[in-house]
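Fold and geometry: a report
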Amino acid sequence: MQLYNSGYLWSYETTGNAILPDEELILNGLSHLEFEEMPMLFDAFPYRQIKQVWQRRMLPYPEYYGTLNMLLAALFFHIKSPKKYVSKYVA
């Protein structure tokens, strides 16, 4: 709900039976939630699913998510060498 209230899901219908795919919700959560709010994402979805979305949808785009990827790697995915890890996913 925080993503809706903050306006980050403005393009998704909030009435009726509209269903937002988990992957989109996770991607928007990782991209836009404050770090203090991100544990809510991990309460709602399995760690493995969140990490897979991050690897597929964020890591290949260092121009857009560069610094955020490094922070997520270190803070939420407990990766000891974020720079080395992230560089493996950059095309």
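Anything mentioned here points back to the structure above.
The sections below set out a description of the structure shown in this document. (Residues numbered from 1 in each chain as written. Predicted model: local features only at pLDDT ≥ 70, side-chain atom pairs only at ≥ 80, totals over all residues. Heavy atoms only, no water.)

What about the packing of aromatic side chains?
Counted under the stated rule, the structure contains nine aromatic pairs. Centroid distance Tyr64 to Tyr65: 4.6 Å. Interplanar angle 85°. Geometry classified as edge-to-face. Given the relative accessible area of 63%, Tyr64 is considered exposed. With a centroid separation of 5.4 Å and 45° between ring planes, the pair formed by Tyr85 and Tyr89 is classed as tilted. The buried category is assigned to Tyr85, whose relative accessible area is 14%. Three or more aromatic residues joined by ring pairs make a cluster, and in this case those are Phe35, Phe42, Tyr47, Trp54, Phe76, Phe77, Tyr85 and Tyr89. (Phe/Tyr/Trp six-rings, centres within 6.5 Å; stacked < 30°, edge-to-face > 60°. Buried < 20%, exposed > 50% of the residue type's maximum accessible area, 1.4 Å probe, protein only.)

Some words on helix 5 (residues 62-75)
Residue Leu68 marks the point of greatest curvature in helix 5, where the axis turns by about 40°. Within helix 5, burial applies to Tyr65, Leu68, Asn69, Leu72 and Ala73. In this structure, the buried residues of helix 5 make contact with helix 2 (22-32), helix 3 (38-44), helix 4 (47-57) and helix 6 (82-87). (Bend = angle between axes of the 7 residues up to and from the residue. Helix = DSSP H or I, 4+ residues; strand = E, 2+ residues; numbered from the N terminus. Contact = heavy atoms within 4.5 Å.)

Considering the pattern of salt bridges
Using the criterion set out here, one finds three salt bridges in the structure. Glu23 serves as the salt-bridge partner of Arg56, at 2.8 Å between the closest nitrogen and oxygen. Taken as a pair, Arg56 in helix 4 and Glu23 in helix 2 lie far apart in primary sequence, 33 residues in all. Between Glu23 and Arg57 there is a salt bridge; the shortest N-O distance is 2.9 Å. One end of the pair, Glu23, is in helix 2; the other, Arg57, is in helix 4, with 34 residues separating them in the sequence. (Salt bridge = Lys/Arg side-chain N within 4 Å of Asp/Glu carboxyl O.)

A few points about the packing of helix 2 against helix 5
For the pair helix 2 and helix 5, the least separation of the axes is 10 Å and the interaxial angle reads 95°. Classified by the angle between their axes, helix 2 and helix 5 sit roughly perpendicular to one another. In this structure, helix 2 contributes Leu27, Leu30 and Ser31 to the contact, and helix 5 contributes Tyr65, Leu68 and Leu72. Residue composition of the contact of helix 2 with helix 5, grouped by class: five nonpolar, one polar and no charged. (Axes fitted to C-alpha atoms, helices over the stretch in contact; angles between N-to-C directions. Parallel < 35°, antiparallel > 145°, perpendicular 65-115°, else oblique. Nonpolar A, V, L, I, M, F, W, Y, C, P; charged D, E, K, R; others polar.)

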